[in-house]
Amino acid sequence: MRTYPEHKLVLRCLKEIEEKLGWGNSDQWHNDVFIELSETIQGHTHVLLSPTTLKRIWGKIAYKSAPSISTLNTLSQFAGYNNWRDFKNKSKVKEPSWITKKILQNMSIIVIAASIMTLVFISFYSMIGSKRNKSALTDISKVTFSSKPITEGLPNSVVFNFDLNNIKSDNLYIQQYWDKTKTIKVKSTQNQATGIYYFPGYFGAKLLVDGNIIKEHDLFIKSGGWVGTIEYKPVPKYIPQNDLLGNYLSMPTSIIEEIKSNEDPLVTSFHLVDDFNNVYGDYMSIGTSVRNLYRDKWAVCQAFRIVILGTSGAMVIPFSIPGCVSDINLMLNDVYLKGKEHDLSAFGADFSEFRNIDIVIKEKKVTIYLDNMETYSRSYNESIGNFVGIRYKFLGAGEVGFLKVTDESKKKTIINKDFGMR
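Residues numbered from 1 in each chain as written. Predicted model: local features only at pLDDT ≥ 70, side-chain atom pairs only at ≥ 80, totals over all residues. Heavy atoms only, no water.

Novice: Can you help me understand the confidence of the model for the protein chain in this one?
Specialist: Note that predicted coordinates carrying low pLDDT should not be read in detail. Scored by pLDDT, the protein chain has a mean of 86; 86% of the residues are at 70 or more. Overall, residues 128-137 carries pLDDT values under 50, and its contacts beyond four positions in sequence, including any with other chains, amount to 8 contacts. (pLDDT = per-residue confidence, 0-100. Contact = heavy atoms within 4.5 Å.)

Listed below in structure tokens is the structure:
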């Protein structure tokens, strides 16, 4: 693999970031992890590094060029340094001592001796340890791994049932999702473990032995109807469906006041995640109406996103006032476009009053309409799978007038909810 002059230093910086995050081995990180990492870095440094850029730096995408100095400065700041120069100065390797130099001068002799000792060790280990190694890898096909949510609604605990079939290892984990709160260490003698999920969604649960995935399955956490959240960390605040459904799909007055009084930015969301009986996510349409309720201080941009959830991916359709489109980012599953590098002015509009939005997906092509006028169209490559839900995420607070979801392949209406507008 070709590398650039400072490649080793960059790897060291990435290692520090991984240790800081505590999200587990980056070898297991998938696309959603890099999306979350992008948002996390932006939240700390106020600089956006796209998931694609991060995947290139972490070696998930082949790329020959070195990261830009601005990217390295941002990563260094996130790791706890002033900039890339500060990181390099504090990471300089000291000049080797005379003992180290002597060792290096006689390295060939040391290597030969070490090789002989290694061969002796391997021979000895093969005689006394082969049975133990074999028992650690025997009958993996007979290992079972399943899960079941305890209830409906949120938060939701999940019971994982498994039979490790006498696998001998001290490195056994259940990876519920990507972050450390959703990774569970288990013992070879266990048959059950539990975990907790704070948001609804379609997740992939994995059973890992010595860092290798030996079993995995899909895990579906439904919302149990509409649920609202204020995304406090680490545990969100929940608003039940009965408190959301008034004249519109909206937060209660007390929550609006709570948001307005908060000095720090708050994200509020409406979630609907359910089994919609094999609705093809790449051939459907969504019609809705949205307006913003809080547009002061940190919410002046009226930013919000509509998130379309599938069994194999997701789409994030962003909106803001025209003057803030540089700060929004569009995701059509495997296609990610950030406002600082692409013209996303089609998603700029004043949402002080209700505006109608139509999202038409056909043969992996998304077309956006605003008040019945086509404003944007773009194709993507990887299927999002079956449609399983929708989220509205507001920086501040907003409300929804109606939602209509249609399975275009069957010409069948899946959701047709008038929240009071029509």
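Novice: Looking at this structure, how should I read the sheet that holds strand 13 (residues 304-310)?
Specialist: Sheet strands pair by backbone hydrogen bonding; their relative direction is either parallel or antiparallel. Pairing within the open sheet is antiparallel, and its 8 strands lie in the order 9-8-11-20-13-14-15-16. Across the chains shown, the open sheet's two edge strands, defined by having one partner strand only, are strand 9 (237-239) and strand 16 (335-338). Geometrically, the sheet is characterised by an average inter-axis angle of 20° between neighbouring strands, direction not taken into account. The pairing of strand 14 (residues 314-319) with strand 15 (residues 329-332) spans 2 bridges and is classified as antiparallel. Bridged to methionine 315 within strand 15 is leucine 332. (Pairing = 2+ DSSP bridges. Helix = DSSP H or I, 4+ residues; strand = E, 2+ residues; numbered from the N terminus. Axes fitted to C-alpha atoms, helices over the stretch in contact; angles between N-to-C directions.)

Novice: What exactly am I supposed to notice about the sheet that holds strand 7 (residues 212-221) here?
Specialist: Across the sheet, 4 strands lie side by side as 4-3-6-7; this open sheet has antiparallel pairing. Strand pairing shows two members of the sheet lacking a second neighbour, strand 4 (183-186) and strand 7, which therefore form its edges. Pairs of neighbouring strands in the sheet enclose a mean axial angle of 20°, with direction left out of account. Two strands pair when backbone bridges link them, and strand 3 (residues 172-175) and strand 4 are joined in this way by 4 bridges, in the antiparallel orientation. Paired with tyrosine 173 across the two strands is lysine 185, which belongs to strand 4.

Novice: Looking at this structure, I do not really get the packing of aromatic side chains. What am I missing?
Specialist: Two descriptors summarise a pair of aromatic rings, namely the distance from one centre to the other and the angle between the planes of the rings. Inspection of the entire model under this criterion finds 21 aromatic pairs. Geometrically, the ring pair formed by tyrosine 202 and phenylalanine 220 is edge-to-face, given 5.2 Å between the ring centres and 65° between the ring planes. Of this pair, tyrosine 202 sits in strand 6 (residues 201-209) while phenylalanine 220 sits in strand 7, placing them 18 residues apart in sequence. Cluster of aromatic residues (ring-pair linked, three or more members): Phe270, Phe304, Phe319, Phe347, Phe351, Tyr376 and Phe394. Above the ring of phenylalanine 78, the side-chain terminus of lysine 20 is found at 4.2 Å from the ring centroid. Over the ring of phenylalanine 351 we find arginine 355, and its NZ or CZ is 5.9 Å from the ring centre. (Phe/Tyr/Trp six-rings, centres within 6.5 Å; stacked < 30°, edge-to-face > 60°. Lys NZ or Arg CZ within 6 Å of the ring centre and 35° of its normal.)

Novice: Just checking my understanding: could you explain helix 1 (residues 7-21) for this structure?
Specialist: Since the α-helix turns once every 3.6 residues, residues separated by three or four places project in the same direction. With 15 residues, helix 1 should reach 21 Å at 1.5 Å per residue; the first-to-last C-alpha distance of 21 Å fits that figure. Three or more residues of helix 1 are buried, namely His7, Val10, Cys13, Leu14, Ile17, Glu18 and Leu21. Buried positions in helix 1, seen along its axis, are confined to an arc of 145° and lie on one side of it. Those residues of helix 1 that are exposed and aimed more than 90 degrees away from the buried face are Lys8 and Glu19. Count one or two residues on from helix 1 and you reach glycine 22, which has phi positive near 70°. (Expected span 1.5 Å × (residues − 1). Buried < 20%, exposed > 50% of the residue type's maximum accessible area, 1.4 Å probe, protein only. Arc of directions from axis to C-beta.)

Novice: Please explain unusual backbone geometry as it appears in this structure.
Specialist: Glycine aside, negative phi is the norm for most residues, and most peptide bonds take the trans geometry. Backbone torsion omega between lysine 233 and proline 234 reads 0°, so that peptide bond is classified as cis. Mapped onto the elements, proline 234 comes out in the loop between strand 8 (227-230) and strand 9. If you check the backbone angles, lysine 297 has positive phi at about 50° while not being a glycine. The topology assignment puts lysine 297 in the loop between strand 12 (283-292) and strand 13. Lysine 297 gets classed as partly exposed once you look at its relative accessible area, which sits at 45%. One non-glycine residue, asparagine 333, lies in positive phi territory at about 55°. By secondary structure assignment, the location of asparagine 333 is in the loop between strand 15 and strand 16.

Novice: Please clarify how the state of the cysteines should be interpreted in this entry.
Specialist: Cysteine pairs can be linked by a disulfide, which is a covalent bond between their two sulfur atoms. Applying the stated criterion to the full structure yields 1 disulfide. Across the disulfide from cysteine 301 sits cysteine 324; the S-S distance is 2.0 Å. With the S-S bond torsion at -65°, the cross-link from cysteine 301 to cysteine 324 turns out left-handed. In this pair, cysteine 301 sits in the loop between strand 12 and strand 13 while cysteine 324 sits in the loop between strand 14 and strand 15, placing the two residues 23 residues apart along the sequence. (Disulfide = S-S within 2.5 Å.)

Novice: Help me out: how do you make sense of the pattern of salt bridges in this one?
Specialist: Side chains bearing opposite charge may pair, as long as their charged atoms lie close to each other. For the structure shown, the criterion picks out 12 salt bridges. Glutamate 231 is paired through a salt bridge with lysine 393; the nearest N and O atoms lie 2.7 Å apart. Here glutamate 231, found in the loop between strand 8 and strand 9, pairs with lysine 393, found in strand 20 (residues 387-395); they are 162 residues apart in sequence, far enough to count as distant. A relative accessible area of 14% places lysine 393 in the buried class. Aspartate 371 is the partner of arginine 355 in a salt bridge, and the nearest nitrogen-oxygen pair spans 2.6 Å. Linking arginine 355 in strand 17 (residues 355-362) with aspartate 371 in the loop between strand 18 (365-370) and strand 19 (373-379), this pair joins segments that are 16 residues apart in sequence. Accessibility expressed as a relative area gives 22% for arginine 355, which makes it partly exposed. On the basis of relative accessible area, aspartate 371 is assigned to the partly exposed category, the value being 31%. Counted as one network, the salt bridges with shared partners bring together Arg291, Glu353 and Glu399. (Salt bridge = Lys/Arg side-chain N within 4 Å of Asp/Glu carboxyl O.)

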